[in-house]
Amino acid sequence: MSIFVVWMATLAAQHDSIAVCNQEYCVPALKGVPVGKGVSIEYQRVPNISINTTDNTGTFEDSQGTIESLTRLEAKLKIPVVNRKDLVILAGLKYVKEEYHFDNPEANPFFQNLEDRGLKSVGANLTIIKPTKSKRYWILNTSGYLNGDFNNNTRISGKLLKFSFSPAIGWKVDDDLSYAVGLTFNYRFGVPLILPLLAINKNFNDRWGIEAILPVYLRSRYKINEGFFWLNTIEVDGAAYKLSIQNEYLSHYPDLYLHRSNIQLISKVEKHITSWIWASAGVGVRQNLVLNLSNSNRASKNVIYDSTLKPAFVFE
């Protein structure tokens, strides 16, 4: 996703074969920033979320209930394809699986259709970083993912495909400040949007720093010691999943999509274990922005069930 554009550029810049800034080329790495991870596995759990659902079909009454748990597993792999002083290309793979578990899934077809349903996002991304012989650099990040409750027997179609595209131009001021401006097209707010992008990576001193890709991401970092960081992140995250029909009350809707968007604040610590293994643990709070089931790939069009969720704790 576009949220990793500047961070991924920093990963590449910290590779031993690339100078941070030499007499010819300059890339946006800052000193003291945590090194990049080639493989990462993250698990997140949100328990006991109160949910109010409005039924726009007229078949059922509005429902109140509890999502006993929302779980999310994410695995990522990043591979340097080209790693030169004048050009860096990173390829990545990502797998995400979300599951909802309700206390009373029989309350309405919306709950029934989501109960224990594996919502997946599987795909690849490509990041291209082009330094120039000055303090300027160019970044392009693009990705494509299949989003839905598909399995091995599902016929793959364009309705499952979601993609993002983020070009930017940046400037490396010094070893403590790098910034970029550009555009991003993504589904972070649960719907496809084109937004202006402002990215900042700054060290205030040897311990404190910030990373931001506005308007969707802001993180502060504190270096406790070498290989041990305290990170606080506020982030908007969203997705649109194509759903198959597994409920008689929804059988006449041919294009079911689950749209969701959240804003979450998470505080976590990240520790370097060995030369290539890091571990982290965190806690935070999440506020839902959008959660609805529609007969359209647009979150606000042909909405069947519209839900409101109360804030909930997040553990990862």
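Below, the structure is looked at part by part. (Residues numbered from 1 in each chain as written. Predicted model: local features only at pLDDT ≥ 70, side-chain atom pairs only at ≥ 80, totals over all residues. Heavy atoms only, no water.)

**Re the overall build of the protein**
Next up, step 1: Along its length, the protein carries two helices and 15 strands.
Next up, step 2: Per-residue burial over the protein gives 50% buried out of 316 residues.
Next up, step 3: For the protein, the share of sequence-separated contacts (at least 6 apart) that also reach a separation of at least 24 residues comes to 58%.
Next up, step 4: Summed over all atoms, the accessible surface of the protein reaches about 14,900 Å², with 57% contributed by carbon and sulfur. (Helix = DSSP H or I, 4+ residues; strand = E, 2+ residues; numbered from the N terminus. Buried < 20%, exposed > 50% of the residue type's maximum accessible area, 1.4 Å probe, protein only. Contact = heavy atoms within 4.5 Å. Areas by Shrake-Rupley, 256 points an atom, 1.4 Å probe, with all protein chains shown as cover.)

**Some remarks on the environment of isoleucine 234**
Next up, step 1: By secondary structure assignment, the location of isoleucine 234 is in strand β11 (residues 228-242).
Next up, step 2: Residue isoleucine 234 is classed as partly exposed on the basis of its relative accessible area, which comes to 36%.
Next up, step 3: With residues up to four places along the chain from it excluded, the contact list for isoleucine 234 reads Val216, Tyr217, Leu218, Ile263, Gln264 and Leu265.

**With respect to the environment of glycine 148**
Next up, step 1: Counting through the fold element by element, glycine 148 comes out in strand β5 (residues 136-148).
Next up, step 2: C-alpha of glycine 148 to C-alpha of glycine 118: the two residues are 30 residues apart in sequence and 8.3 Å apart in space.

**Quick notes on the packing of aromatic side chains**
Next up, step 1: A full pass over the atoms with the stated rule returns eight aromatic pairs.
Next up, step 2: Ring plane angle 15 degrees and centroid distance 6.4 Å describe the contact between tyrosine 100 and phenylalanine 102, whose orientation is recorded as stacked. A single burial state applies to tyrosine 100 and to phenylalanine 102, both of which are buried.
Next up, step 3: The rings of Tyr100, Phe102, Phe110, Phe111 and Tyr305 are connected pair by pair, giving a single aromatic cluster.
Next up, step 4: Geometry around phenylalanine 228 places lysine 271 over its ring, the cationic atom sitting 5.9 Å from the centre. (Phe/Tyr/Trp six-rings, centres within 6.5 Å; stacked < 30°, edge-to-face > 60°. Lys NZ or Arg CZ within 6 Å of the ring centre and 35° of its normal.)

**Description of the pattern of salt bridges**
Next up, step 1: Enumeration over the complete set of coordinates arrives at 13 salt bridges.
Next up, step 2: Two residues, glutamate 98 and arginine 72, come together in a salt bridge whose shortest N-O distance is 3.6 Å. One end of the pair, glutamate 98, is in strand β3 (residues 88-102); the other, arginine 72, is in strand β2 (residues 63-83), with 26 residues separating them in the sequence.
Next up, step 3: Between arginine 221 and glutamate 211 there is a salt bridge, and its shortest N-O distance comes to 2.9 Å. You can see arginine 221 sitting in strand β10 (residues 217-225) and its partner glutamate 211 sitting in strand β9 (residues 208-214), a full 10 residues away along the chain. For the residue pair arginine 221 and glutamate 211, the accessibility class agrees, reading buried in each case. (Salt bridge = Lys/Arg side-chain N within 4 Å of Asp/Glu carboxyl O.)

**Some words on the nonpolar core**
Next up, step 1: Counting residues in hydrophobic clusters, the biggest one holds 26 residues, and the most contacted among them are Ile51, Ile67, Tyr100, Phe110, Leu114, Leu243 and Leu258.
Next up, step 2: With residues near it in sequence (within four places) discarded, phenylalanine 110 still touches Ile51, Thr53, Leu258, Leu291, Leu293, Tyr305 and Ser307.
Next up, step 3: Formed by 13 residues, the second largest nonpolar core is a distinct cluster that contains Val88, Leu90, Ala180 and Ala199. (Core = buried A, V, L, I, M, F, W, Y, C linked by side-chain atoms within 4.5 Å.)

**Digging into a nonpolar patch on the surface**
Next up, step 1: Together, Val181, Leu198, Leu214, Leu218, Ile234, Leu265, Val283, Val285, Phe313 and Phe315 make up an exposed nonpolar region whose accessible area comes to about 800 Å².
Next up, step 2: Broken down by secondary-structure element, the contributors of at least two residues to the nonpolar patch are β13 (278-294) and β15 (312-315).
Next up, step 3: In this structure valine 181 comes out as partly exposed when scored by relative accessible area, which is 35%. (Patch = residues over 30% accessible without salt bridge, like charges linked within 9 Å, V, L, I, M, F, W, Y side chains within 5 Å.)

**Observations regarding unusual backbone geometry**
Next up, step 1: The linkage connecting leucine 214 with the following residue, proline 215, adopts the cis geometry, with an omega of 15 degrees.
Next up, step 2: Phi is positive for asparagine 48, close to 50 degrees, though the residue is something other than glycine.
Next up, step 3: Inspection of the secondary structure assignment puts asparagine 48 in strand β1 (residues 39-55).
Next up, step 4: A positive phi angle, close to 60 degrees, is found at aspartate 116, a residue other than glycine.
Next up, step 5: With respect to the element layout, aspartate 116 can be found in the loop between α2 (109-114) and β4 (119-131).

**Focus: the side chain of serine 164**
Next up, step 1: Assignment of secondary structure puts serine 164 in strand β6 (residues 161-174).
Next up, step 2: Within the local environment of serine 164, its side chain forms a polar contact with the side chain of serine 143, the two groups lying 2.5 Å apart. (Polar contact = N/O pair within 3.5 Å; in protein donor to acceptor, adjacent residues only side chain to side chain.)

**As for the environment of proline 215**
Next up, step 1: Topologically, proline 215 is positioned in the loop between β9 and β10.
Next up, step 2: For the pair formed by proline 215 and alanine 199, sequence separation is 16 residues and the distance between their alpha carbons is 9.2 Å.

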